[in-house]
Amino acid sequence: MVLGAALVTGPDEALQARLAADRRTLDVLWIGTPDGLEARVAPAEGITFKTVATGKIRRSANPLEMVSPANVKDMVRVPLGVAQARKIVSDFRPNVVLATGGYVAVPAGLAARMCKRPLVLHEQTVRLGLANRKLAGSAARIAVSSGSTLPLLPEAVRSAAVVTGNPVRPEILTGHAEKAVAALELVGFDRRLPTLYVTGGAQGAQQINNAIRDALPWLLERANVVHQCGPANVEALRASASALPPHLTGRYYLTGFVGPELPDVLTLADVVVSRSGAGTLAELTALGKPAVFVPLASSAGNEQAHNAKHLEDAGAAVALTGEVTTARLQDAVGPLLTDPARRAEMADAARAHGRPDAADRLVDVLLSAASGG
């Protein structure tokens, strides 16, 4: 079995395991950009990696602003990227091409059509992104992360769509709370209180950090807090936390980055405050974690706000959009920290939206497309 991938997000391990059970092998090629995260991730995982030229279209409500020098320059790069991708796909001869959106997916997706190779799209967010919308008509199958995406698809392609969920790293589902307590040496935590995990992603999020900093004394009266703030923000937040009353300091754990212990930290957490990217939503719903989402306002197509609102409407999260003040954060987090029944209800709703078997579901789609099914 051969897989050509515009972007691989986790199903390769599940696919490899499935094929190994049938005594077949998997060959993966990853098409990406030289300066993207994939340029580091793919080689580290032993995956062949090829780059193509890409063009990012900067969208605007004003058509005249679309014809900017940067857009014109990038649009010129798209045909070059398609030609490069076509050669890569032609030489590699994949049984199936998987694209998960983003501007790098367009050349690979078009190359799949030119080389008459089945194309599977995977949409991680609630609404189909621009790249996947452009490729939808060429796709053999369209895997979506949420059932609410189906009615948003163009009617002509709905028959090709299937709900798989968004794959999560298998280790996320195997955490142990006590391992987090031991690894982080959380000796000052009051285990009678719930634990709040705050994260703004690997680099932290100033908007979240500031709100947590200002609400910290109030929060620590009600919960233990593990705060992943980004490496550049540790010293300033530590200086601010030095003014905490002595009886509260042991309940606050501040770190720039959470590494291998993340599955254990997530298991320990009773409530999470975070951005609302597709990967984060997939992990938290698979674990059934009540969450307060602070969407990144600059995300493409405002997708993070749509993701968060989708779960809020289902009672599975709180979406904190717009200006994030201390008062608004307290109003959002407070009921979840002080009311175990409300917390449990939201956890059940989140779990109902989670798909811990998403990788296996996506493998089913890939194998079906590869066999012409």
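Residues numbered from 1 in each chain as written. Predicted model: local features only at pLDDT ≥ 70, side-chain atom pairs only at ≥ 80, totals over all residues. Heavy atoms only, no water.

**A short note on the overall build of the protein chain**
For the protein chain, the helix and strand inventory stands at 16 helices and 13 strands. Taking all 373 residues of the protein chain together, the buried fraction comes to 51%. Counted over contacts in the protein chain with a minimum sequence separation of 6, partners at least 24 positions apart contribute 66%. Counting only carbon and sulfur atoms, one obtains 53% of the accessible surface of the protein chain, whose full area is about 17,100 Å². (Helix = DSSP H or I, 4+ residues; strand = E, 2+ residues; numbered from the N terminus. Buried < 20%, exposed > 50% of the residue type's maximum accessible area, 1.4 Å probe, protein only. Contact = heavy atoms within 4.5 Å. Areas by Shrake-Rupley, 256 points an atom, 1.4 Å probe, with all protein chains shown as cover.)

**Some words on the sheet that holds strand S12 (residues 291–293)**
What the 6 strands build is an open sheet, ordered S10-S9-S8-S11-S12-S13; its pairing is parallel. In this open sheet, the two strands that pair with only one neighbour each are strand S10 (252–255) and strand S13 (318–319). Here strand S9 (residues 224–228) runs beside S10; their pairing, made up of 4 bridges, is parallel. When the bridges of S10 are listed, Gln 228 appears paired with Thr 255. (Pairing = 2+ DSSP bridges.)

**Section: the pattern of salt bridges**
If you walk through the whole model with that rule in mind, you get 10 salt bridges. Ionic pairing is found between Glu 178 and Arg 191, a salt bridge with its closest N-O pair at 3.0 Å. Pair noted here: Glu 178 is in helix H7 (residues 177–183) and Arg 191 is in the loop between H7 and strand S8 (195–199), with a separation of 13 residues, a long-range link. Residue Lys 309 is joined to Asp 313 by a salt bridge in which the shortest nitrogen-to-oxygen separation is 2.7 Å. Of this pair, Lys 309 and Asp 313 both sit in helix H13 (residues 303–313), 4 residues apart, which is roughly one turn of that helix. A relative accessible area of 41% means that Lys 309 is categorised as partly exposed. You can call Asp 313 exposed: its relative accessible area is 57%. Linked by salt bridges that have partners in common, Asp 190, Arg 192 and Arg 251 make up one network. (Salt bridge = Lys/Arg side-chain N within 4 Å of Asp/Glu carboxyl O.)

**Considerations on the confidence of the model for the protein chain**
Averaged over all residues, the pLDDT of the protein chain is 88; the fraction at 70 or higher stands at 89%. When the criterion is pLDDT under 50, residues 1–9 qualifies, and its contacts beyond four places in sequence or with other chains add up to 50 contacts. (pLDDT = per-residue confidence, 0-100.)

**Description of the nonpolar core**
Residues Leu 196, Leu 219, Tyr 252, Val 273, Val 292 and Val 333 are the most contacted members of the largest nonpolar core, which totals 33 residues. Ranked by the residues each element gives to this core, the list is headed by helix H8 (residues 206–220), at 7 residues. With residues up to four places along the chain from it excluded, the contact list for Tyr 252 reads Phe 189, Leu 216, Leu 220, Val 225, His 227, Ala 241 and Leu 244. Among the nonpolar cores identified, the runner-up in size contains 27 residues, and Ile 172, Leu 266, Ala 269 and Ala 317 belong to it. (Core = buried A, V, L, I, M, F, W, Y, C linked by side-chain atoms within 4.5 Å.)

**Points about the side chain of Thr 199**
Here Thr 199 is to be found in strand S8. Note on Thr 199: relative accessible area 13%, which makes it buried. Within the local environment of Thr 199, its side chain forms a polar contact with the side chain of Gln 228, the two groups lying 2.5 Å apart. (Polar contact = N/O pair within 3.5 Å; in protein donor to acceptor, adjacent residues only side chain to side chain.)

**A word on the pairing of strand S2 (residues 27–32)**
Two faces make up the sheet, and in a regular strand the side chains alternate between them. Burial analysis of S2 places 5 of its 6 residues in the buried class, the great majority of the element. Pairing of S2 with strand S3 (residues 48–51), which is carried by 4 bridges, proceeds in the parallel orientation. The residue bridging Leu 29 from the neighbouring strand is Thr 48, located in S3. For the crossover that starts at S2, traverses helix H2 (residues 38–44) and ends in the parallel S3, the hand is right-handed. (Right-handed = clockwise from strand over helix to strand, strands pointing away.)

**So, the packing of helix H14 (residues 326–338) against helix H15 (residues 340–353)**
At a closest axis distance of 5 Å, the pairing of H14 and H15 adopts a crossing angle of 105 degrees. Relative to H15, H14 is oriented roughly perpendicular. Judged by residue contacts, Pro 335, Leu 336, Leu 337 and Thr 338 of H14 engage Pro 340, Arg 342, Arg 343 and Met 346 from H15. In terms of residue class, the contact of H14 with H15 is made up of 5 nonpolar, 1 polar and 2 charged. (Axes fitted to C-alpha atoms, helices over the stretch in contact; angles between N-to-C directions. Parallel < 35°, antiparallel > 145°, perpendicular 65-115°, else oblique. Nonpolar A, V, L, I, M, F, W, Y, C, P; charged D, E, K, R; others polar.)

**Regarding the packing of H8 against H14**
Contact pair H8 / H14: the axes reach a minimum separation of 10 Å and the direction vectors enclose 45 degrees. Taken together, the axis directions place H8 and H14 in an arrangement best described as oblique. The hand of the H8/H14 crossing is right-handed. Two secondary-structure elements touch here, H8 through Ala 211, Ile 212, Asp 214, Ala 215, Trp 218 and Leu 219 and H14 through Thr 326, Leu 329, Gln 330, Val 333, Gly 334 and Leu 337. For the contact of H8 with H14, a count of residues per class yields 8 nonpolar, 3 polar and 1 charged. (Left-handed = near helix turned anticlockwise from the far one by under 90°.)

**Quick word on H14**
Between its terminal C-alpha atoms H14 stretches 17 Å, which fits the 18 Å expected from 13 residues at 1.5 Å a residue. For H14, the full list of buried residues reads Leu 329, Ala 332, Val 333, Gly 334, Leu 336 and Leu 337. On its buried face, H14 is in contact with S8, H8, strand S11 (271–274), S12, S13 and H15. (Expected span 1.5 Å × (residues − 1).)

**A word on H13**
Three or more residues of H13 are buried, namely Gln 304, Ala 305, Asn 307, Ala 308, His 310 and Leu 311. Looking at the buried positions of H13, the neighbouring elements they touch are helix H12 (278–287), S12, S13 and H15. Just past H13, the residue Gly 315 takes up positive phi, approximately 75 degrees.

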